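Geometric and topological summary
The chain contents come next:
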Amino acid sequence: MTRHYSAALPIAFIVLRILVVLNWLFGAAILILLLATPNEQWIMSAFKLTPSPDTTRLVWGLRGVAMLGLVAIPLNHMVLKRLLAMVDTVRAGDPFVAANAYRLQAIAWLLLVLQILSMIIGAIGKTVSTPAHPVHLDAGLSVSGWLAVLLTFILARVFAEGALMRADLEGTV
């Protein structure tokens, strides 16, 4: 029996492969930025900051955000690699396997950690932001991010049940 898939599957595979590369490139860029910006003066000129009593706190806050960004890189990589493995099982025509249920559960936990990191980054941004030096970060509480976490945990359970039902069906045939 020949299986026909939409064009979305090969596109998803290519996009995920590109995202793996971009993730590591962003990580390298953050690392270079952290290593190349050892002094406050450079950071102040790069962000067009004027000297103030809050400058040191702001610079340390931005460095902290960059460090957390580095923490997110391997977490994103683990998510992307698991998604690629799942795409491979769909391409093989065998998506409802226990391995995919475990992958989805791992992805859900990784997404949970990434949401917590985002909230910490958002809190740092709010803490170091001042009227003279406002810090606007695309981080913090994300309702859609938390819904994605819940959805992924639920899908992991759906895949686990699907794999069990499939095993039961194969056992009766």
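Residues numbered from 1 in each chain as written. Predicted model: local features only at pLDDT ≥ 70, side-chain atom pairs only at ≥ 80, totals over all residues. Heavy atoms only, no water.

So, about the packing of helix H1 (residues 8-36) against helix H3 (residues 55-91). Across the interface, H1 lies against H3 with an axial gap of 9 Å and an inter-helix angle of 160°. In terms of orientation, H1 lies roughly antiparallel with respect to H3. Our pair here, H1 against H3, has a crossing hand that is left-handed. Partitioning the contact of H1 with H3 into residue classes produces 20 nonpolar, five polar and five charged. (Axes fitted to C-alpha atoms, helices over the stretch in contact; angles between N-to-C directions. Helix = DSSP H or I, 4+ residues; strand = E, 2+ residues; numbered from the N terminus. Parallel < 35°, antiparallel > 145°, perpendicular 65-115°, else oblique. Left-handed = near helix turned anticlockwise from the far one by under 90°. Nonpolar A, V, L, I, M, F, W, Y, C, P; charged D, E, K, R; others polar.)

Bringing the layout of surface pockets into the picture now. Taken as a whole, the largest pocket spans an internal volume of roughly 400 Å³. Together, 17 residues line the largest pocket, and Gly69, Ala72, Ile73, Asn76 and Leu114 are the ones closest to its centre. When contributions to the lining of the largest pocket are tallied by element, the ones reaching two or more residues are H1, H3 and helix H4 (98-128). At nine residues, H3 tops the list of elements feeding residues into the lining of the largest pocket. (1 Å grid on protein atoms, 1.4 Å probe; cavity = no way out; pocket = protein on both sides within 12 Å on 5 of 7 lines; lining within 4 Å. Points joined across faces, edges and corners; volume = space filled by probe spheres on them.)

With that settled, the discussion passes to the pattern of salt bridges. Scanning all chains against the criterion turns up three salt bridges. For Arg166, the salt bridge goes to Asp94, with nearest N and O atoms at 2.2 Å. Taken together, the residues span a long stretch of sequence, with Arg166 in helix H5 (residues 143-172) and Asp94 in the loop between H3 and H4 at a distance of 72 residues. For Asp94, a relative accessible area of 28% puts it in the partly exposed group. Among the ionic pairs, Arg157 bridges to Glu161, the shortest N-O distance being 2.4 Å. Residue Arg157 and its partner Glu161 are both found in helix H5; the two are separated by four residues, about one turn of the helix. (Salt bridge = Lys/Arg side-chain N within 4 Å of Asp/Glu carboxyl O. Buried < 20%, exposed > 50% of the residue type's maximum accessible area, 1.4 Å probe, protein only.)

Summed over the entire model, instances satisfying the criterion amount to two aromatic pairs. Aromatic pair Trp109 and Phe153: ring centres 5.0 Å apart, planes at 85°, arrangement edge-to-face. Separated by 44 residues along the polypeptide, Trp109 in helix H4 and Phe153 in helix H5 bring together distant segments of the chain. It is Arg63 that lies over the ring of Trp60; its NZ or CZ is 5.0 Å from the centre. In this arrangement the basic side chain of Arg91 is found over the ring face of Phe13, its NZ or CZ atom lying 4.4 Å from the centre. (Phe/Tyr/Trp six-rings, centres within 6.5 Å; stacked < 30°, edge-to-face > 60°. Lys NZ or Arg CZ within 6 Å of the ring centre and 35° of its normal.)

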